[in-house]
Amino acid sequence: VDGPIPAIDRDARSPIGLQLVEGLRRRILDGVLRPGDTVPSTRALASELGVSRSAVVAAYEQLAGEGYLDMRQGAPTRVAALILAGGPSAEGLDDGRRDETGASSARVTAGGGAGGVARAAGAGGPANAAPAPPRIDLLPGRPSTARIDTRSWRAAWRHAAALDIPSESPPPFGVPRLRAEIADHLRLARGVACAPEDVVVTAGTAEALALVASALALLVGGALRVAVEHPGYPSARRTIERRGATTIPVAVDGDGIDVEVLRRMPRPPHAVMVTPSHQYPLGGRLPVATRLELLGWARSARAVVIEDDYDSEFRHLGPPLPALASLDSDRVVLVGSFSKVLTPWLRLGYLVLPADPALRDAIAAIRADEPSPVPGTAQEAAAALLASGAVRRHIAVTRREYAHRRRLVLAALDGLPNAPLSGLDGGLHAVLELPDAATAAVVVDRLAAEGVAVASLAEYSAVPGDDGAGLVFGYAGPNDTLLAEGLERIRSAVAAAMRPREAQPTA
Ligand SMILES: Cc1ncc(COP(=O)(O)O)c(C=O)c1O
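Fair warning: this is a prediction, and the values are worked out from it, not measured in the lab.

Asks: I would appreciate a short explanation of the overall build of the protein chain in the present structure.
Replies: Counting its secondary structure elements, the protein chain contains 17 helices and 15 strands. Classification of the 507 residues of the protein chain by burial places 51% in the buried group. Long-range contacts, defined here as pairs at least 24 residues apart, represent 72% of the contacts in the protein chain between residues at least 6 apart. For the protein chain, the accessible area works out to roughly 22,100 Å², and carbon and sulfur atoms hold 54% of it.

Okay, structure coming up:
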């Protein structure tokens, strides 16, 4: 390696962009470029090397996605703080350069350097000790926040803070401007044509589900029964149970909910809650024909369909399928969230009401007593952020980033014996099935002791005693370097847990 800037060989067969990425990565790994060093602006480097600026931008974006560079709008691009798997930890960024929110756990963790490793070593300690934060957090549901355009973010909040301060609660269904922006977002990102009047702003999916369950209970006037996916999202299940509903587990197959089970129910439930775009947690995707069957069943059973569309903005394989809400606007309540698209820190979501006015009236009655928990200022800020185009751009950037991370997951874990990997067609998490619950428990515990947090598939079971065996892990939150180490540790933990089984005599 000569100087800090890689030379470009125009006669080489390797494309210029790739040469740039590999050259810069090599210099960072070799310590020629160190954490905190600024790299030349894309314009300066393009002109110095005589290459197009877009090639340099693409190379920087790729390296930022891999965790090597820290790109911030309005600030020079710098070499990021890294922990190299198995190697010495590089220097952290000085505290002053961490972002104000501390929301970027990957970078803050990486900045913790060796301290993070030392903390993780205590993770298997006494149960009454405060649990150490995982060094590598692969719990499903954590998006990457490192690339949020903080300049637009701050501008949106400044705008909201400068507005007149009303002396009343925000409108029950949300601030008009935000409802209109959400309707636009749904049209462009999801192909759902809805009017701003159909949108109710909520404090995330969790509050949307609580609101729908309360409204349905009001309408049913008695014991509300809701069919839920098994396995499925446990906190969603508990949320509606806490509103007095009885949940009825319905098994999912490789695609998603099994409509035949619903059809065979002697007493149809009042509602069914599904994740058709990316079944949570198994990752199936309900084919169009099954979507139509589900809606047909709902019509004949006069049941409401609650469509939890939590991560459909991120589809890696196959075309996006129509939302149930776009196929039937009479009985589908679409529930969406900015928790994956931006961050759960915002606690912002929405629901799209069906045409039937009954549910609308019930929700209005509830909101009249319990005003919206989403602060008006936060709603105005979110509206301004959506209007600025920053959310749309962020989705485009993270889509590429997650597609790249997904490839890392496949490269590290696909094809392990007796441990099929699935759920990777969309979203931010994957499932690694294991032969039995005991093996899964050993793997999860060993990973926890090593500072790597993953979830166990058993946690998602809706039927006691019918637990799946495997790991559920997210791949969006940590940077590439930490993810690569986490995946390697998963691979080793699985191999170690399987060894006794493989060593058993087969006779
Ligand atoms: C199935 C499912 N729905 C919704 C959400 C988002 O929930 P909220 O919007 O309440 O943050 C998640 C987050 O993990 C999820 O896994």
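Structure shown, so let's carry the discussion forward.
Asks: Just to check I follow, could you spell out the nonpolar core for this structure?
Replies: Across soluble globular proteins, nonpolar side chains show a tendency to be buried alongside one another. Among the nonpolar cores identified, the biggest contains 53 residues, and Ile-182, Ile-257, Leu-262, Val-272, Leu-294, Trp-297 and Val-305 are the most heavily contacted of them. The residues contacting Val-272, other than those within four sequence positions of it, are Val-226, Ala-227, Ile-257, Leu-262, Leu-294, Trp-297, Val-304, Val-305 and Ile-306. Val-409, Leu-416, Leu-487 and Ala-497 belong to the second-largest nonpolar core, a separate cluster that totals 28 residues.

Asks: Got a minute to help me understand the packing of helix 8 (residues 204-220) against helix 13 (residues 357-369) in this structure?
Replies: Between two packed helices, both the angle of their axes relative to each other and the distance between the axes serve to describe the pair. Between helix 8 and helix 13, whose axes approach to 9 Å, the crossing angle comes to 110 degrees. On the basis of the axis angle, helix 8 is roughly perpendicular to helix 13. Contact with helix 8, carried on its side by Glu-207, Leu-211, Ser-214, Ala-215, Leu-216, Leu-218 and Leu-219, involves Ala-358, Leu-359, Ala-362, Ile-363, Ala-365, Ile-366 and Arg-367 of helix 13 and no other residues of that element. The residue makeup of the contact of helix 8 with helix 13, split by class, is eleven nonpolar, one polar and two charged.

Asks: Would you mind showing me how to read the site of the ligand here?
Replies: Within the structure, the ligand sits among Gly-204, Thr-205, Ala-206, Tyr-233, Tyr-280, Asp-308, Tyr-310, Ser-337, Ser-339, Lys-340 and Arg-347. Within the side chain of Asp-308, an N or O atom sits 2.6 Å from a nitrogen atom of the ligand. Between the ligand and Ser-339, the relevant distance is 2.6 Å, taken from an oxygen atom to a side-chain nitrogen or oxygen of the residue. Relative to its unbound accessible surface of 400 Å², the ligand loses 93% to contact with the protein. Residue contributions to the shell around the ligand peak at three residues, all from helix 8.

Asks: What am I meant to see in the sheet that holds strand 15 (residues 470-474) here?
Replies: Two pairing modes exist for strands in a sheet, parallel and antiparallel, and in both the strands are linked by backbone hydrogen bonds. A sheet is described by the order of its strands in space; here four strands give the open sequence 11-12-15-14, paired in antiparallel fashion. Each edge of the open sheet carries a strand with a single partner, namely strand 11 (421-422) and strand 14 (455-456). Bridge count for strand 14 against strand 15 is two bridges, and the pairing is antiparallel. By the bridge assignment for strand 15, Ala-455 is matched with Val-472. Its contacts with the sheet place helix 16 (residues 437-449) against strand 14 and strand 15, and it is angled at close to 40 degrees to strand 15.

Asks: Can you help me understand helix 1 (residues 16-29) in this one?
Replies: An α-helix turns once per 3.6 residues; consequently, residues spaced three or four apart project the same way. Here helix 1 is 14 residues long and its end C-alpha atoms lie 20 Å apart, about the 20 Å a rise of 1.5 Å per residue gives. Gln-19, Leu-20, Val-21, Gly-23, Leu-24, Arg-27 and Ile-28 are the residues of helix 1 that are buried. Each element contacted by the buried residues of helix 1 is listed here: helix 2 (42-49), helix 3 (53-65), strand 1 (69-70) and strand 2 (78-79). Immediately downstream of helix 1, the backbone of Gly-31 shows phi near 80 degrees, a positive value.

Asks: For this particular structure, what's the right way to read the environment of Val-391?
Replies: Within the secondary structure, Val-391 sits in helix 15 (residues 390-413). Remark: the alpha-carbon pair of Val-391 and Trp-153, spanning 238 residues in sequence, is separated by 9.5 Å. Each residue touching Val-391, except ones within four places of it in the same chain, is listed here: Val-341, Leu-342, Leu-385 and Leu-386.

Asks: I would appreciate a short explanation of helix 6 (residues 150-162) in the present structure.
Replies: Compared with an ideal rise of 1.5 Å per residue, which puts 13 residues at 18 Å, helix 6 spans 18 Å between its outermost C-alpha atoms and is within 8% of the ideal. For helix 6, the set of buried residues is Thr-150, Ser-152, Trp-153, Ala-156 and Ala-160. The buried residues of helix 6 occupy one face: seen down the axis, they fall within an arc of 165 degrees. In helix 6, the exposed residues that point more than 90 degrees away from the buried face are Arg-158, Ala-161 and Ala-162. Two or three places before Arg-151, at the start of helix 6, stands the capping residue Asp-149, its side-chain oxygen 3.1 Å from that residue's backbone nitrogen.

Asks: I tried to follow a nonpolar patch on the surface on my own but got confused; where do I start?
Replies: A cluster of nonpolar residues, Val-288, Leu-292 and Leu-327, forms a patch on the protein surface that exposes about 220 Å² of accessible area. Looking at the element boundaries, Leu-327 is found in helix 12 (residues 324-327).

Asks: Looking at this structure, how should I read the side chain of Ser-337?
Replies: Within the element layout of this structure, Ser-337 appears in strand 9 (residues 332-337). Reaching out from Ser-337, the side chain makes a polar contact with the backbone nitrogen of Ser-339 at a distance of 2.9 Å. Every residue in contact with Ser-337, bar those within four places of it in the chain, is listed here: Thr-205, Leu-348, Gly-349 and Tyr-350.

Asks: Explain the pairing of strand 6 (residues 246-251) here, please?
Replies: Along any regular strand, the residues point their side chains to alternate faces of the sheet. As paired elements, strand 5 (residues 225-230) and strand 6 share six bridges and run parallel to each other. Across the sheet, Ala-227 pairs through a bridge with Ile-248, a residue of strand 6. In this view, the connection linking strand 5 to its parallel neighbour strand 6 by way of helix 9 (residues 234-242) has right-handed handedness.

Asks: Looking at this structure, how should I read the environment of Ala-449?
Replies: Within the secondary structure layout, Ala-449 lies in helix 16. Overall, the relative accessible area of 38% leaves Ala-449 in the partly exposed class. In sequence terms Ala-449 and Pro-134 are 315 residues apart; their C-alpha atoms lie 9.2 Å from each other.

Parameters and conventions
- Once a new chain begins, its residue numbering starts again from 1 and follows that chain's sequence as written.
- Reporting of local features is limited, given that this is a predicted model, to residues whose pLDDT is at least 70; pairs of side-chain atoms are given and counted only at 80 or more, and all residues count toward the totals for whole chains, interfaces and linings.
- As a rule here, side-chain values cover all heavy atoms of the structure and leave hydrogens and water aside.
- The helix count covers DSSP runs of H or I at least four residues long, the strand count covers runs of E at least two residues long, and both are numbered beginning at the N terminus.
- Burial here depends on accessible area, computed with a 1.4 Å probe over protein chains only, as a share of the maximum for the residue type. Under 20% is buried, over 50% is exposed, and the range in between is partly exposed.
- For this analysis, residues touch if any pair of their heavy atoms sits within 4.5 Å.
- Every accessible area reported is derived by Shrake-Rupley at a probe size of 1.4 Å, with residue values counting cover from the shown protein chains alone.
- By convention a nonpolar core is built from buried Ala, Val, Leu, Ile, Met, Phe, Trp, Tyr and Cys residues, the set being connected through side-chain atoms within 4.5 Å.
- Angular values range over 0 to 180 degrees, each being the angle between N-to-C directions of two axes fitted as lines to C-alpha atoms, with helices fitted over their stretch in contact.
- By the definition adopted for this analysis, an angle is roughly parallel if under 35 degrees, roughly antiparallel if over 145, roughly perpendicular if from 65 to 115, and oblique otherwise.
- Residue polarity follows a fixed list, in which Ala, Val, Leu, Ile, Met, Phe, Trp, Tyr, Cys and Pro are nonpolar, Asp, Glu, Lys and Arg are charged, and the others, Gly among them, are polar.
- The near set for a molecule or strand comprises every residue that places at least one heavy atom within 4 Å of it.
- Think of a polar contact as two N or O atoms within 3.5 Å of one another; within protein, one of them needs to be a possible hydrogen donor and the other a possible acceptor, and neighboring residues in sequence only count if both atoms come from side chains.
- Only strands that DSSP links by at least two bridges are regarded as paired with each other.
- For a helix, the expected span equals 1.5 Å multiplied by the number of residues minus one.
- Working definition: the arc comes from the directions between the helix axis and the C-beta atoms, pointing outward to the latter.
- Exposure above 30% relative accessible area and the absence of a salt bridge qualify a residue for a patch, where like charges join within 9 Å and nonpolar side chains (Val, Leu, Ile, Met, Phe, Trp, Tyr) within 5 Å.
- The salt bridge definition used is simple: a Lys or Arg side-chain nitrogen within 4 Å of an Asp or Glu carboxyl oxygen.
- Seen with the strands pointing away from the viewer, any crossover whose path from the first strand over the helix to the second strand runs clockwise is right-handed.

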